[in-house]
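Take a look at the letters that make up each chain.
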Amino acid sequence: MKIRTIGALMRKEVLQVFRDPPTLVQVLAIPLIQLVVLANAATFDTGATRLLVRDDDRTTASAAMVAELVGSGEFTVVGTAIAPERIEAVLRRREAAAVLHIPDGFEAALARGERSAVQLQINAEEGAVAGLIQQAAQAIVERQGGMPSMLEVRQQGWFNPTRRYKDWMVPGILVSLTTIIGLLLTAQSITREKELGTLEQLNVTPVTKGEFITAKLLPFWMIAMGIFTVGLTVAKLVFAIPTVGAVPIVFLAAMVYLTVALGIGLLISTVTQTQQQAMFVAFFVLLIFLLMSGLFTPLEAMPDWAQTVAHANPVMHFVGLMRAVLVRGAGLAEVGPTIVGLGIAGAAVLGLAVVQTRKTLE
């Protein structure tokens with residue numbers, strides 16, 4: 001391979017990207033906007049849950065329980081007088097997310113050393129959010145009105161003691177954005193040449209197939225790594241994402257992982273003829289990868305066959321690696337096998353894509 005030839009082709013590829021305003025927005029602006037928006041939107045943090053209180057006891061104990069709920073910061077009372085027949089309508093209109101009913105005789109039961117029943121009605125449309133509301137309320141209610149026990153239970157949260165959902169979600173979102181950039185740009189690259197008719201012109205030049213493919217992939221690899229670096233900086237400065245482990249391990253994994261993403265994008269470009277076709281196929285592949293990566297839903301919630309299939313998903317492995325290093329502080333000994341696996345997958349996918357591309361060019 002001639003380094004000078006590859007350099008000239010790479011320069012042409014970079015200029016082509018930066019001279020095309022839609023592509024420039026797609027590469028630079030959209031990933032950062034998505035990172036900021038998704039990091040705040042893709043979360044199960046409920047904030048202060050809107051709570052209606054129906055207090056039939058009206059005693060010091062019942063008032064103390066409501067004060068405990070509000071003081072925790074998990075709940076905010078939006079009303080205290082509501083007829084039983086209106087509860088369902090209030091929940092349906094989303095005026096409140098939960099209704100707390102403290103029955104008459106609550107304080108008297110506690111004074112006798114008995115456990116008094118307290119009813120919490122929750123809008124359970126969103127099951128995960130309803131579960132979090134129930135868990136938070138139950139812990140506070142039991143702390144306020146539970147019976148004494150000889151057994152003291154203490155909880156300690158490792159790795160993410162504050163339970164900030166952004167600490168868990170943002171590293172995964174960063175993986176998805178890096179994948180989208182690397183895969184989409186590569187998938188569109190050769191199909192753009194096909195549409196413009198320049199592919200046939202390149203075929204009659206002295207440029208070899210290897211030089212052509214190398215010059216096509218390297219600029220997008222560098223652009224994707226640049227976006228990854230900017231995204232990681234934004235995650236740290238804007239969202240205060242922890243970096244417990246060694247950041248160089250994350251960059252090493254990203255460099256290896258991008259060979260997989262670029263290889264898949266190159267493979268897509270060999271089976272499509274237009275940029276529109278490439279976009280459709282790429283988004284289909286990305287949707288499957290992201291839904292089966294454990295980014296939005298836990299892998300343990302999937303059926304056994306889906307968990308088995310998910311292990312062939314490179315996005316799942318990189319998401320797990322990012323979270324392991326940044327949040328848990330995993331070292332090279334823990335994530336080294338994952339990096340090696342990504343390297344093997346990258347070599348296989350990229351090799352297959354190169355062979356298919358050469359057949360397409362001939």
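The preceding data block contains the structure.
Quick summary incoming for the structure in this document.

Some details on the nonpolar core
- With 57 residues, the main nonpolar core has Phe-228, Phe-318, Met-322 and Val-335 as its most contacted residues.
- Looking at this core, the elements with two or more residues in it are helix H7 (165-196), helix H9 (209-237), helix H10 (247-271), helix H11 (275-291), helix H13 (314-328) and helix H14 (332-361).
- Leu-51, Ala-97, Leu-100 and Ala-136 belong to the second-largest nonpolar core, a separate cluster that totals 16 residues.

Some remarks on the packing of aromatic side chains
- Within this structure, the stated rule accounts for 3 aromatic pairs.
- When the ring of Phe-228 is compared with that of Phe-251, the centres are 5.6 Å apart and the planes differ by 90°; the resulting orientation is edge-to-face. Taken as a pair, Phe-228 in helix H9 and Phe-251 in helix H10 lie far apart in primary sequence, 23 residues in all.
- When its relative accessible area of 0% is taken as the criterion, Phe-228 is described as buried.
- Put simply, the rings of Phe-228, Phe-251, Tyr-257 and Phe-318 touch in pairs and so form one group of aromatic residues.
- Positioned over the ring face of Trp-168 is Arg-323, at 4.1 Å from the centre of the ring.

Let's talk about the packing of H10 against H13
- Contact geometry for H10 and H13: axes closest at 10 Å, N-to-C directions at 175°. Taken together, the axes of H10 and H13 lie roughly antiparallel to each other. Residues Ile-249, Val-250, Ala-253, Ala-254, Tyr-257 and Val-260 of H10 pack against Pro-314, Val-315, Phe-318, Leu-321, Met-322, Val-325 and Leu-326 of H13.
- Along the lines of polarity and charge, the residues of the contact of H10 with H13 split into 13 nonpolar, no polar and no charged.

As for the pairing of strand E1 (residues 49-55)
- Buried residues dominate E1, accounting for 6 of its 7 residues.
- Pairing analysis gives 4 bridges linking E1 to strand E2 (residues 75-79), with the strands arranged parallel. Bridged to Arg-50 within E2 is Thr-76.
- Each parallel crossover has a hand, and for E1 linked through helix H3 (residues 60-71) to E2 it is right-handed.
- Inspection of the sheet shows E1 paired to strand E3 (residues 98-102) by 5 bridges, in the parallel sense. What sits directly across from Leu-51, in E3, is Ala-98.

Let's talk about the packing of H7 against H9
- Their axes nearest at 9 Å, the elements H7 and H9 cross at an angle of 155°. On the basis of the axis angle, H7 is roughly antiparallel to H9. Handedness of the H7/H9 crossing: right-handed. Of H9, the residues touching H7 (which contributes Val-170, Leu-174, Thr-178, Ile-181, Gly-182, Leu-185, Thr-186, Ser-189, Ile-190 and Glu-193) are Phe-212, Lys-216, Leu-217, Phe-220, Ile-223, Ala-224, Ile-227, Phe-228, Gly-231, Leu-232 and Ala-235.

Notes on the sheet that holds E2
- Strand order in the open sheet made by the 4 strands is E2-E1-E3-E4, with mixed pairing throughout. Among the strands making up the open sheet, the edge pair consists of E2 and strand E4 (119-122). Neighbouring strand axes in the sheet, compared pairwise and without regard to direction, differ in orientation by 30° on average.
- Of the strand pairs in this sheet, E3 and E4 are connected by 4 bridges, and their pairing is antiparallel. Bridge pairing links Val-99 to Gln-121 in E4.

How each quantity is defined
- Residues numbered from 1 in each chain as written.
- Predicted model: local features only at pLDDT ≥ 70, side-chain atom pairs only at ≥ 80, totals over all residues.
- Heavy atoms only, no water.
- Core = buried A, V, L, I, M, F, W, Y, C linked by side-chain atoms within 4.5 Å.
- Buried < 20%, exposed > 50% of the residue type's maximum accessible area, 1.4 Å probe, protein only.
- Helix = DSSP H or I, 4+ residues; strand = E, 2+ residues; numbered from the N terminus.
- Phe/Tyr/Trp six-rings, centres within 6.5 Å; stacked < 30°, edge-to-face > 60°.
- Lys NZ or Arg CZ within 6 Å of the ring centre and 35° of its normal.
- Axes fitted to C-alpha atoms, helices over the stretch in contact; angles between N-to-C directions.
- Parallel < 35°, antiparallel > 145°, perpendicular 65-115°, else oblique.
- Contact = heavy atoms within 4.5 Å.
- Nonpolar A, V, L, I, M, F, W, Y, C, P; charged D, E, K, R; others polar.
- Pairing = 2+ DSSP bridges.
- Right-handed = clockwise from strand over helix to strand, strands pointing away.
- Left-handed = near helix turned anticlockwise from the far one by under 90°.

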